[in-house]
Amino acid sequence: MWADCFRLRQPVIHNDYPALANKKGLPEGHAALLRHMSVPVLEDDNVVMIMGVGNKQDPYDAGDLAVLEMFANNVWALVQRNRQQRKLELDAMVFRYSREAVVVTDGEQRILSVNPAFTQITGYTEAEVLGLTPRLLKSGRHDDGFYQQMFTKLNREGYWQGEIWNRRKNGEIYPQWLGISVAHTTTEEQPSEYIAVFMDITEHKQAQEYIEFLAHHDLLTELPNRTLLKDRFQQAVSYVQRQGKKLGLLYLDLDNFKNVNDSLGHPIGDKLLLQIARCLRDCVREADTVSRIGGDEFVIMLGNIHHAENLAEISTKILVALSRPFDIDVHKLQLSCSIGACLYPDDGEEFDGLLQKADTALYQAKASGRNNYKFFTTAMNVQVMRRMSLENAMRLSLEREDFFVVYQPQFDIKSGQIVGVEALARWHHGELGMISPAEFISVAEECGLIVTLGQSVLRQACQQMQEWLLQGHGETVLNFLTLVSQYNLSRILCHA
């Protein structure tokens, strides 16, 4: 029925439908179609609707066609109006229920309308702002140049968006993400309206700042971490270079702190670390930096240092402060610390190198009995390099079984008979030569190789004992067992 009308894009009248060659008729069960008339409704040269009538008693004529065309166009106009009304209702719902604030102003930037989200974010009701300009929201954080650039781009491109700080009715300054569009609803060249949409991004900014904080601070104590310490060091260097002064680094390690965690648990250890962090901050100036770079390790950067004595004074102050008991829940805990100190630029100019030298001095402070401080010296560095060399060489020598045992006899004064022997470890290194037990045993204890060394000595001693047994020196062998305990026999046997 509608094909010709749609294809030709013009009205079609068939007053003798049964005579048509290509008719299809109506589906079975409907009245027979004798004549019909259809008209298209065109919009932008496209058929948007077709209206038809049929089976008039008399043939359709031009008058009938004119009436049908008028009726079809009126129906289409009503459909469009209903659609437009629905769209306006949807737009109004979006405007009303949007979580983003919407502000509409005229070309002079006087506020014409705001939505409820505007009131929720700013605190101003619509009645309070109608006829005013958005300038009542200005925070004062942006200068005139900022707004000039905003409106230059807005008028040139018709749109601007970015972050801006504004003020709520209660005076609170907060960040917004703002987008402004230019509207032209009249024939004039100047903007007829401005439409602004913004959201409060306070929570987003806080989350962003927290992530940034975590990247540069210790989570437990909220002290600067190594990254932030290095950044502050580089900034401080520029200042002290101009002033002709020095910087000091104090590397602190809490003595035997592991015992607190092992015996009382990590929650108690964490509370103790928090008190220590506060104590360290109280020992230095506000401009100085106290940082935590490890479990029980802290580094303090001191600015405006005139001479090494300043570091000594502060180190002593810290040692005294940390020696006082700390009340943690029901526990009264007392501990000490060891400190390694170095100076910029005396001991170096690069952060990582200075930190390593302070660590070297810290090691010497611990080796000297703990609860004291040491300044870095070149001799210390030589000692540390020697120790590292011995540790690496010892691991290889234990694998190659370069250690050997010598035996010192023990005599009975009265009889002059040998009653026992003392097993003594000796080390001859291919490149370093003979190394004193006084040197290598302490290294073995510090780097955790003492048990492995003891096993090697015990194994060799047992082999020698077997030989003595075969030679009939059983009594000497029995006395030997009591003397080998100097190598911590219980630990050695547990790992054997």
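To be clear, the structure that these remarks concern was listed above.
Residue numbers run consecutively from 1 along every chain, following the written order of its sequence. At least 70 in pLDDT is required for a residue's local features to be given in this predicted model, at least 80 for side-chain atom pairs to be given and counted, and no such filter applies to totals for whole chains, interfaces and linings, which use all residues. Values shown for side chains rest on all heavy atoms present in the structure; no hydrogens or waters enter the calculation.

A. Structural view of the nonpolar core. Of all hydrophobic cores here, the largest spans 34 residues; its most connected members are L250, L252, I318 and L322. Looking at this core, the elements with two or more residues in it are β9 (246-254), α8 (257-264), α9 (266-283), β11 (297-305), α10 (308-323), β12 (326-328) and β14 (337-344). The helix count covers DSSP runs of H or I at least four residues long, the strand count covers runs of E at least two residues long, and both are numbered beginning at the N terminus. A per-element tally of this core places α9 first, with 8 residues. Contacts are residue-level and defined by heavy atoms, with any inter-residue pair within 4.5 Å sufficient. The contact partners of L252, leaving out residues within four places of it in the chain, are L280, D296, E297, F298, I300, I318, L322, C337, S338 and I339. Of all hydrophobic cores here, the second largest spans 21 residues; its members include L137, I164, Y174 and F198. We call a set of buried residues a nonpolar core when its members are Ala, Val, Leu, Ile, Met, Phe, Trp, Tyr or Cys and they connect through side-chain atoms within 4.5 Å of each other. Buried residues are those whose accessible area, probed at 1.4 Å on protein chains only, stays under 20% of the maximum for their type, while exposed residues exceed 50% and partly exposed ones sit between those limits.

B. Fine view of α10. Expected span of a helix, by definition, is 1.5 Å for each gap between consecutive residues, and there is one gap fewer than residues. With 16 residues, α10 ought to run about 22 Å at 1.5 Å a step, and its terminal C-alpha atoms sit 23 Å apart, in line with that. Buried residues of α10: N310, L311, A312, I314, S315, I318, L319, A321 and L322, and no others.

C. Local environment of the pairing of strand β8 (residues 193-200). One requirement defines pairing of two strands: DSSP has to find at least two bridges between them. Across 6 bridges, strand β4 (residues 101-106) lies against β8 in antiparallel orientation. Of the residues in β8, the one forming a bridge with V103 is A196. By the bridge criterion, 8 bridges tie strand β7 (residues 173-183) to β8 in an arrangement that is antiparallel. In the sheet register, V182 faces β8, and the bridge partner there is Y194.

D. Local environment of the packing of α8 against α9. A fitted line through C-alpha atoms represents every axis, and for helices the fit uses only the stretch in contact; the resulting angles, taken between N-to-C directions, go from 0 to 180 degrees. The N-to-C vectors of α8 and α9 enclose an angle of 140°; their axes lie 7 Å apart at closest approach. In terms of orientation, α8 and α9 fall into the oblique class. Residues F257, V260, N261 and L264 of α8 lie in contact with α9, whose contacting residues are H266, I268, G269, L272 and L273. Nonpolar residues are Ala, Val, Leu, Ile, Met, Phe, Trp, Tyr, Cys and Pro. Charged residues are Asp, Glu, Lys and Arg, and all others, Gly as well, are polar. Of the residues contributing to the contact of α8 with α9, the split by class is 6 nonpolar, 3 polar and no charged. Note on angle classes: values under 35 degrees are labelled roughly parallel, values over 145 roughly antiparallel, values of 65 to 115 roughly perpendicular, and the remainder oblique.

E. Geometry of the sheet that holds strand β1 (residues 12-14). Pairing is antiparallel in the open sheet, where 3 strands are placed in the order β1-β2-β3. On the outer flanks of this sheet lie β1 and β3 (46-54), each paired with one strand and no other. Between one strand and the next, the sheet's axes are offset by a mean angle of 15°, whatever the strand orientation.

F. Molecular detail of the pairing of strand β10 (residues 289-292). Burial along β10 is two-sided: the residues T289 and S291 and V290 and R292 are all buried. Pairing geometry for β10 and β11, over 4 bridges, is antiparallel. Residue pairing for β11: R292 is matched across the bridge by F298. Between β10 and the antiparallel strand that follows it, β11, lie 4 residues.

On their own, these measurements won't tell you what the molecule is for.
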